[in-house]
Amino acid sequence: MAAVAAAAGTFARRMARSGVLFPRSSPQVWPQAARQPPGLLPAQRRAFSNNKILVELDTSSGVATMKFKSPPVNSLSLDFLTEFCISLEKLENDRACRGLIITSAIPRVFSSGLDITEMCGKSTEHYAEFWRAVQEMWIRLYGSNLVTVAAINGSSPAGGCLIALSCDYRIMVENPKYVIGLNEAQLGIVAPFWFKDTFVNAVGHRAAERSLQLGLLHSVPEAHRMGLVDEVVPEEKLQEKAVAVMAQWLALPDHARQLTKSMMRKTFRTLSSSHPKTPSRSHFQRTWRC
Ligand SMILES: CCCCC/C=C\C/C=C\C=C\CC(=O)SCCNC(=O)CCNC(=O)[C@H](O)C(C)(C)COP(=O)(O)OP(=O)(O)OC[C@H]1O[C@@H](n2cnc3c(N)ncnc32)[C@H](O)[C@@H]1OP(=O)(O)O
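Conventions and cut-offs
- Residues numbered from 1 in each chain as written.
- Predicted model: local features only at pLDDT ≥ 70, side-chain atom pairs only at ≥ 80, totals over all residues.
- Heavy atoms only, no water.
- UniProt positions renumbered as here; feature names shortened; annotations may be inferred.
- Helix = DSSP H or I, 4+ residues; strand = E, 2+ residues; numbered from the N terminus.
- Contact = heavy atoms within 4.5 Å.
- Areas by Shrake-Rupley, 256 points an atom, 1.4 Å probe, with all protein chains shown as cover.
- 1 Å grid on protein atoms, 1.4 Å probe; cavity = no way out; pocket = protein on both sides within 12 Å on 5 of 7 lines; lining within 4 Å.
- Points joined across faces, edges and corners; volume = space filled by probe spheres on them.
- Nonpolar A, V, L, I, M, F, W, Y, C, P; charged D, E, K, R; others polar.

Within an unreviewed UniProt entry, the label attached to the protein reads Enoyl-CoA delta isomerase 1, mitochondrial, and the organism entered is Gallus gallus. Listed in UniProt under the heading Subunit (unreviewed entry), the comment for the protein reads: "Homotrimer." What UniProt records for the protein under Sequence similarities (unreviewed entry) is the sentence "Belongs to the enoyl-CoA hydratase/isomerase family."

Here it is, written out as structure tokens:
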């Protein structure tokens, strides 16, 4: 328990060093239209970047694009998760931003999921901090007030699938090599209940039961049929489609859409108010034999 508390403090300090407010306990309501401060020339594009993620915000449309750029496979390391939360928080605090498209700058992979090297041979405190960061990523993205669209341009197993599932809409590139799903059972581990719930919310109970027990990674057409992704497009159409979907969602009044989203996703507050126990060190070691 002490380790969990210490990890919470460490993660909060990482976020605080970034200048981001932490944590935010209740959803914010943003203005309906992107606004520029009066008297300033509108800067159409703003960008910020770190060594894991690139973010570009088009202030005229209010749409930001977040590109994962952490070779080789955009695995979700502690550093990646921290940068993700910082970037998302910056966008949420930017009154010009209303929507976020998440995609990958790495060919053929959206995200390979949690970084396996973070779960081997580390201290209890590290596991606690890492797990806290995984939860924080999900809480912030699933509970975000922004319209979130996943533009999935590569394989997306496990934690990568969770990121996509946490968005409001998923568009995946049609490619016979790409797969998506929660394959934890194949790895000999159990997807936490909040992974499972997010999956069930997208595909329904029966499809989730089969897919999760077998740890299936689905082809793109299969993922589309079962509702795991909402739309499938050729690679060259992905961005255009993501922008079009975003425009459709942003056409609604923000407050009504945000409150509806918050109502639909209210279970996330259960986790946010009571972070569940971090998996024990022996659990990690047993699972990965390290
Ligand atoms: C967790 C401990 C027990 C506690 C239990 C409690 C609760 C549940 C907890 C956990 C929930 C976990 C969710 C997860 O996300 S676990 C991670 C699952 N991810 C995967 O299974 C994906 C594995 N990777 C792949 O399938 C392929 O790599 C991929 C399709 C993404 C890309 O294929 P490609 O052919 O392009 O590339 P590769 O040659 O396979 O890989 C290149 C390079 O990258 C390394 N790598 C791949 N995935 C990961 C990863 N997730 N973490 C770290 N590193 C990864 C791979 O080893 C290669 O490295 P190298 O050999 O070139 O050095």
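## Thoughts on the overall build of the protein
Broken down by element type, the protein carries eleven helices and eleven strands. When contacts within the protein are restricted to residue pairs at least 6 apart in sequence, long-range pairs at least 24 apart make up 74% of them. Total accessible area on the protein stands at roughly 13,400 Å², and carbon and sulfur atoms take up 56% of it.

## Quick look at the layout of surface pockets
The calculated volume of the second largest pocket comes to roughly 450 Å³. As for the second largest pocket, its lining consists of 20 residues, of which Val63, Thr65, Ile101, Gln239 and Val243 are closest to the centre. If you list the elements that add at least two residues to the lining of the second largest pocket, you get strand E2 (53-58), strand E3 (63-68), strand E4 (99-104) and helix H8 (238-250). Partitioning the lining of the second largest pocket into residue classes produces nine nonpolar, five polar and six charged.

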